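An overview of the molecular structure
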Amino acid sequence: MTGSEAQTTFTFGTDSMQAFAAFFLVGHQLTKLSSVDILILLLYFALVVFIGFYAKGKANTSEDFFLAGREMTAWIAGLSFVSANLGSLELMGWAGSAYQYGILAAHWYWIGAIPAMLFLGIVMMPFYYISKTHSVPGYLQLRFGEGARAVSAISFAFMTILMSGVNMYAMAVVMQTVLGWNITFSIWVGAGTVALYVMLGGLRSAIINEVLQFVLIWAGAAIVPILGLIEAGGWTKLKAQIAVNVGSSDYTHMWSTLGGFKDNPMGVHWTGIVFGLGFVISFGYWTTDFLVVQRVLSANNLRAAKMAPVIGSVFKMAVPFIVILPGLLALAVLKNPDGTLMHLVPASVAKVTGQHSYDDVLPLMLIRYCGPGLLGLGITALVAGFMSGMAGNVSAFSTVWTYDIYGAFLNKKASDKHYVAMGRWSTVIGMLVSIGTAYLVMNAASIMDYVQALFSFFIAPLFGTVVLGMLWKRATHWGGFTGLLAGTVASVGMFIWVHTNANALRYIAMSPDAKPMAENLYRALWSWLICMVVTVLVSLVTKPVPDEQLAGLVMGVTPIPDDGAKTIWQKPIFWAIVVIVIFFVLNLIFW
Amino acid sequence: MKEQEREVESAELSIWFFCGILMLAYGVVLVVTGIAEYNHPPANEVLLPWLESLHPTLWWGVLLTAFGGVYSVRFRPGR
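Each chain has its residues counted from 1, following the order in which its sequence is written. Lettering of chains starts at A and numbering of ligands starts at 1, both following the order in which they are written. Where local features are concerned, this predicted model is filtered to residues with pLDDT of at least 70; where side-chain atom pairs are given and counted, the filter is 80 or more; whole-chain, interface and lining totals use all residues. The side-chain figures draw on all heavy atoms in the structure; neither hydrogens nor water molecules are used.

1. Description of the overall build of chain B
This is how it is decided: Helix numbers and strand numbers start at the N terminus; a helix is a DSSP run of H or I with at least 4 residues, a strand a run of E with at least 2. Note on definitions: a residue-residue contact is assigned when non-hydrogen atoms from the two residues lie within 4.5 Å. The accessible surface values rely on the Shrake-Rupley method and a 1.4 Å probe; as for residues, cover is taken only from the protein chains in view.
Along the backbone of chain B there are five helices and zero strands. Counting helices and strands in the order they occur from the N terminus, chain B gives α-α-α-α-α. A sequence separation of at least 24 residues applies to 74% of the contacts in chain B between residues at least 6 apart. Looking at chain B as shown, the accessible area adds up to about 4,300 Å², and 65% of this sits on carbon and sulfur atoms.

2. Notes on the overall build of chain A
As a reminder, the rule being used: Note on classification: 1.4 Å probe, protein chains only; a residue is buried when its accessible area is under 20% of the maximum for its type, exposed when over 50%, partly exposed between these limits.
Counting secondary structure elements, chain A contains 26 helices and zero strands. Taking all 591 residues of chain A together, 61% fall into the buried category.

3. Quick look at unusual backbone geometry
Notably, K132 of chain A is not glycine yet its phi reads approximately 60°, a positive angle. In this structure, K132 of chain A sits in the loop between α7 (114–130) and α8 (136–144). Even without being a glycine, H55 of chain B presents a positive backbone phi close to 50°. Topologically, H55 of chain B is positioned in the loop between α4 (49–52) and α5 (56–74).

4. A word on the side chain of H356 of chain A
Residue and element names in this part refer to chain A. Looking at the secondary structure, you find H356 in the loop between α17 (347–353) and α18 (361–369). H356 sits in the buried class, given a relative accessible area of 16%. Residues contacting H356, with those up to four places away along its chain left out, are L30, M342, H343, L344, V345, A350 and L364.

5. Digging into the nonpolar core
Residue and element names in this part refer to chain A. Quick reminder of the rule: Only buried residues count toward a nonpolar core. Its members are Ala, Val, Leu, Ile, Met, Phe, Trp, Tyr and Cys residues joined through side-chain atoms within 4.5 Å.
Core analysis: the biggest nonpolar cluster contains 210 residues, and Y44, Y128 and I324 have the highest contact counts within it. Not counting chain neighbours up to four residues away, the residues in contact with Y128 comprise L120, T133, V136, Y139, T287, T288, V293, L297, V466 and M470. A59, F65, F66 and Y403 belong to the second largest nonpolar core, which has five residues in total.

6. Examining the pattern of salt bridges
Residue and element names in this part refer to chain A. Worth spelling out the cut-off: Should a side-chain nitrogen of Lys or Arg be within 4 Å of a carboxyl oxygen of Asp or Glu, the pair is scored as a salt bridge.
Scanning all chains against the criterion turns up seven salt bridges over all chains. A salt bridge links E210 to R295, with the nearest nitrogen and oxygen atoms 2.7 Å apart. Of this pair, E210 sits in helix α10 (residues 183–221) while R295 sits in helix α14 (residues 290–297), and the two are 85 residues apart along the sequence. We classify E210 as buried; its relative accessible area is 1%. Where R368 meets E231, a salt bridge forms, and the shortest distance between an N and an O atom there is 2.7 Å. Here R368, found in helix α18, pairs with E231, found in helix α11 (residues 223–232); they are 137 residues apart in sequence, far enough to count as distant. With a relative accessible area of 4%, R368 lands in the buried category. A relative accessible area of 3% means that E231 is categorised as buried. Where salt bridges share partners, they join E146, R149 and D404 into one cluster.

7. Some remarks on the interface of chain A and chain B
This is how it is decided: Summed over both partners, the accessible area (1.4 Å probe) lost when two parts come together is defined as the buried area. The definition of a polar contact used here is a pair of N or O atoms within 3.5 Å, where within protein one atom must be able to donate a hydrogen and the other to accept one, and adjacent residues in sequence count solely through side-chain atom pairs.
Counting residues at the interface gives 50 residues for chain A and 31 residues for chain B. Between chain A and chain B lies a buried interface of about 3,400 Å² when both sides are counted; carbon and sulfur atoms form 78% of it. Remark: the boundary between chain A and chain B carries zero salt bridges. Summed over the shared surface of chain A and chain B, the result is three residue pairs in polar contact (both at pLDDT 80 or more). Elements supplying a minimum of two residues to the side of chain A that touches chain B: α2 (14–24), α3 (35–56), α5 (74–83), α10, α11, α18 and α19 (374–410) of chain A.

8. Overview of the confidence of the model for chain B
All names here are of chain B. Rules: The predictor reports its confidence for every residue as pLDDT, a score running from 0 up to 100.
The share of residues in chain B with pLDDT of 70 or more is 82%, and the mean pLDDT across the chain is 82. Ranking the helices and strands of chain B by mean pLDDT puts α5 first, with 94, and helix α1 (residues 2–13) last, with 47. When the criterion is pLDDT under 50, residues 1–11 qualifies, and its contacts beyond four places in sequence or with other chains add up to nine contacts.

9. Quick notes on the packing of aromatic side chains
All names here are of chain A. The criterion, for reference: Pairs were defined over the aromatic rings of Phe, Tyr and Trp, the Trp ring being its six-membered one, requiring ring centres within 6.5 Å. Orientation was assigned from the angle between planes: stacked under 30 degrees, edge-to-face over 60, tilted for the rest.
Evaluation of the coordinates by the stated rule reveals 37 aromatic pairs over all chains. Relative to Y358, the ring of Y99 has its centre 5.9 Å away and its plane inclined at 45°; by these criteria the two rings are tilted. Here Y358 lies in the loop between α17 and α18 and Y99 lies in helix α6 (residues 88–101), a separation of 259 residues in the sequence. One exposure class covers both Y99 and Y358, and it is buried. For the pair F279 and W528, a centre-to-centre distance of 4.9 Å together with 90° between the ring planes defines the contact as edge-to-face. A residue pair is termed long-range when its members are at least 10 positions apart, and F279 in helix α13 (residues 270–288) and W528 in helix α24 (residues 516–540) qualify at 249 residues. These aromatic residues form a ring-pair network of at least three members: F119, F279, F283, F463 and W528.

10. Points about the confidence of the model for chain A
All names here are of chain A. Chain-level statistics for chain A give a pLDDT mean of 84 and a share of 93% at 70 or above. Of all helices and strands in chain A, the one with the weakest mean pLDDT is helix α1 (residues 3–9) (31), whereas helix α26 (residues 572–589) scores best (94). Across residues 1–27 the pLDDT falls below 50, and counting only partners more than four positions away or on other chains, this stretch makes 43 contacts in the model.

11. A few points about α5 of chain A
Burial of α5 of chain A is extensive: nine of the 10 residues sit out of reach of the surface. The complete set of buried residues in α5 of chain A reads A74, I76, A77, G78, L79, S80, F81, V82 and S83 of chain A.

12. A look at the environment of V420 of chain A
Residues and elements named next belong to chain A. Assignment of secondary structure puts V420 in helix α20 (residues 416–443). Considered as a pair, V420 and L362 are 58 residues apart in the sequence and their alpha carbons are 40 Å apart. If near-sequence neighbours (up to four positions away) are discounted, V420 is found in contact with A59, N60, T61, S62 and F65.

13. Regarding helix α15 (residues 302–318) of chain A
Residues separated by three or four positions in an α-helix point in the same direction, a consequence of the helix having 3.6 residues per turn. Residues and elements named next belong to chain A. This is how the line gets drawn: Multiply 1.5 Å by the residue count of a helix minus one, and that product is the helix's expected span. Two axes define the bend at a residue: one fitted to the seven residues ending there, one fitted to the seven starting there, and the bend is the angle between them.
Look at α15: 26 Å from first C-alpha to last across 17 residues, which is about the 24 Å you get at 1.5 Å a residue. Bending of α15 peaks at approximately 25° at the position of A308, with proline P309 no more than four residues after it. Counting buried residues along α15, 13 of its 17 residues qualify, which places the element largely inside the surrounding structure.

Printed below as a string of structure tokens:
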């Protein structure tokens with residue numbers, strides 16, 4: 001289909017235009033659900049609550065409640081690992097980014113995830129797993145002492161509960177925008193359901209729901225790119241149509257436009273993508289964020305723990321099909337009722353002009369292709385994604401609170417039964433604090449940006465501390481603690497500098513042409529470097545930790561047990577190589 | 001021995017059964033909706049004539065029914 005043909009296809013008659021307008025503009029909402037859509041949504045809620053009660057019978061000890069009894073297979077742990085990260089906020093946000101920046105947004109799924117996931121599985125997982133730690137702060141305590149655990153646990157608990165509130169508010173806004181639902185209704189129904197099933201079944205319940213949500217997201221969302229490609233006439237014609245509509249071919253190239261900040265829609269440079277995103281941010285998130293690592297710790301043996309991130313990486317690599325492609329398709333096929341090309345705008349502009357924002361792209365595409373039934377499935381997938389995101393946050397919070405704050409500092413000698421009860425109570429209280437955060441964000445939307453920025457303060461330095469702790473036996477307790485603190489303070493400092501003086505970005509990103517997206521990448525890179533340098537310097541001038549205290553925690557002094565793989569097909573390293581080859585091929589195809 | 005017990009327990013958990021049963025239920029709902037809509041397409045399909053002839057609700061429902069059916073039977077409780 002050529003550009004003109006595509007235009008012709010969407011030239012409607014007057015009646016059609018009115019019907020189209022009526023279809024899209026039901027009051028202030030995008031669409032409304034039919035009875036069959038509501039049936040699909042109710043079936044999901046009924047199953048989720050049933051799973052909570054089902055899993056309750058298997059959550060009697062703290063190991064059961066917080067680590068799902070460490071009995072998950074590699075496939076379940078792997079799907080849960082990737083699903084915990086696949087919230088609806090991310091789905092809708094990156095679909096919007098694909099519309100805004102083109103295929104460059106896929107970097108966050110490929111170079112921004114795959115190498116780090118494989119590194120976690122092959123290099124880091126053995127240490128996490130054989131140290132028998134229950135959390136990432138727990139590993140820091142074993143390696144660097146109570147100080148590093150306290151900094152990590154308190155910051156993580158605080159951030160996680162705030163993120164859960166942000167997720168909750170985002171879900172309510174989407175439900176209001178798309179379906180016209182009351183915000184308070186969405187917040188309390190979503191939070192109440194999640195609190196119920198996590199409180200009852202702990203991590204096991206969260207993991208079952210995450211796997212279910214992963215399947216549901218594909219069932220609900222995959223129809224959009226399939227129908228979109230049919231409409232566009234295939235990938236080649238889609239690229240040509242996008243080039244006509246936006247007046248540039250930059251939107252469909254992943255690497256060829258990254259030679260300069262000015263050459264691509266995102267305003268980034270390849271060094272920021274490779275080192276900032278591909279190395280520091282990605283490795284920081286995927287290897288040290290307890291929200292995702294907790295899922296792998298539930299694996300039933302060392303080989304499953306190593307395979308889980310490898311399996312997860314395959315599914316992660318496929319996600320752009322249901323997230324990035326719909327954003328690109330919208331650039332080519334999304335039209336106004338009068339047949340002209342629809343232009344989506346930033347949320348701040350959309351509020352003033354009444355246009356649709358970038359983040360509306362996924363619901364708009366869903367409404368375009370899905371009638372009753374399919375629409376309910378798509379909306380249920382979004383709701384499931386939001387609820388799974390909340391459950392991931394609240395289950396990780398409850399573990400870190402109970403093990404690394406309450407059990408470590410407030411009540412060290414309680415019974416196992418007491419800690420399980422504390423896990424259940426902290427789930428409910430954590431959810432109530434999240435609801436409070438959601439209402440806070442409702443009254444001051446800028447808080448949302450700050451909460452998301454807060455999370456990024458800790459990730460990059462934490463990766464520096466953990467990776468040095470695992471790979472360098474000379475790193476000392478003081479080195480780890482001061483490095484973590486220095487990296488975090490540096491990250492906060494750079495954030496404040498850029499937000500009080502816009503000119504500062506040119507120094508942090510080392511170019512006057514850098515755009516805000518570059519700030520995150522380079523801030524992460526600098527804070528990681530500062531953490532590493534401080535850790536190394538302080539470690540070299542402080543007393544080394546004796547080797548016998550590092551056994552099971554650090555490479556070089558820890559014999560890695562055999563993972564039981566007998567054939568090449570059972571070896572995680574073999575599959576990691578297969579995945580990395582596919583990763584390179586995909587990057588070359590979309591170069 | 002312990003590993004075997006764990007495998008049995010995780011089989012009882014039947015995460016895949018939950019996935020299968022939900023997809024089967026959704027598949028059936030979509031197939032019924034798709035059949036009902038066969039000669040009375042919904043508004044979005046009327047506006048996109050090429051979409052109307054594809055009957056996406058029906059065929060997506062068939063796909064989910066097949067997937068859900070296989071998983072529900074393969075991982076049914078007590079198997």
